[in-house]
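Each chain is listed here by its residues.
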Amino acid sequence: MNKSCENFRYLEKGWPRRDLTFKFYSDGTLTIIDNRAEEVISPNDLKGDSMDFYVRRRIAFIKNKLTAAQQKYA
């Protein structure tokens, strides 16, 4: 099965100012990349505004998934 991906780039406002790429896949998986350190980080490593961004995008993903399921079975 072909899984699609949505990419979001986020620059943190607080110190240290990390340059992050969030990859949200259609199957619900997630990859967070610290572009400067060139390493994958986990959601547990997020703080402040980057954690807020992650939570808001995850909620939007869940809402879209629920809406699609409702329309499919309605």
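Everything discussed here concerns the structure shown above.
One structure accompanies this document, and this report is about it. Going along each chain's sequence as written, the residues are numbered from 1 onward. Two thresholds apply to this predicted model, a pLDDT of at least 70 for residue-level local features and 80 or more for giving and counting side-chain atom pairs, whereas whole-chain, interface and lining totals are computed over all residues. Computation of side-chain values: all heavy atoms of the structure, hydrogens and water removed.

**A few points about the overall build of the protein chain**
Elements are defined by DSSP. Helices are runs of H or I of four residues or more, strands are runs of E of two residues or more, and each kind is numbered from the N terminus. Scanning the protein chain from N- to C-terminus turns up one helix and four strands. In the protein chain, the succession of α and β elements from N to C terminus is β-β-β-β-α. Across the 74 residues in the protein chain, those meeting the buried criterion constitute 24%. Contacts are residue-level and defined by heavy atoms, with any inter-residue pair within 4.5 Å sufficient. Considering only residue pairs separated by 6 or more positions, the protein chain has 34% of its internal contacts joining residues 24 or more positions apart. Working definition of accessibility: Shrake-Rupley area with a 1.4 Å probe, residue cover restricted to the visible protein chains. Accessible surface for the protein chain amounts to roughly 5700 Å². Of this, 53% is attributable to carbon and sulfur atoms. Here the positive residues are Lys and Arg and the negative ones are Asp and Glu; neither His nor the chain ends is included. The location of each charge is read from NZ of Lys, CZ of Arg, CG of Asp or CD of Glu. Separation between the mean location of the 14 positive side-chain charges and that of the 10 negative ones in the protein chain comes to 7 Å. Partly exposed residues are those whose accessible area sits between 20% and 50% of the maximum for their type, while under 20% is buried and over 50% is exposed, using a 1.4 Å probe and protein chains only.

**Re the side chain of Asp19**
Take Asp19: it is sitting in strand β2 (residues 19-25). Reaching out from Asp19, the side chain makes a polar contact with the side chain of Arg9 at a distance of 2.5 Å. When near neighbours in sequence (up to four residues on either side) are disregarded, Asp19 contacts Arg9, Tyr10, Leu11, Ile33, Asp34, Asn35 and Arg36. Identification of polar contacts relies on pairs of N or O atoms within 3.5 Å, with a donor-acceptor requirement for protein atoms, meaning one able to donate a hydrogen and the other able to accept it, and with residues adjacent in sequence counted only if both atoms are side-chain atoms.

**Brief notes about the sheet that holds strand β1 (residues 5-11)**
Paired strands, in this sense, are two strands between which DSSP finds at least two bridges. Within the open sheet, the four strands sit side by side as β1-β2-β3-β4. Their pairing is antiparallel. Strand pairing shows two members of the sheet lacking a second neighbour, β1 and β4 (39-41), which therefore form its edges. The mean inter-strand angle of the sheet, taken between neighbouring strand axes irrespective of direction, is 30 degrees. Direction of pairing for strand β3 (residues 30-34) relative to β4: antiparallel, over a ladder of three bridges. The residue bridging Ile32 from the neighbouring strand is Ile41, located in β4. Convention adopted: a line fitted to C-alpha atoms gives each axis, helices being fitted over their contacting stretch, and angles between N-to-C directions are expressed from 0 to 180 degrees. Sheet contacts for helix α1 (residues 48-73): β1, β2 and β3; angle to β2, the most-contacted strand, approximately 15 degrees.

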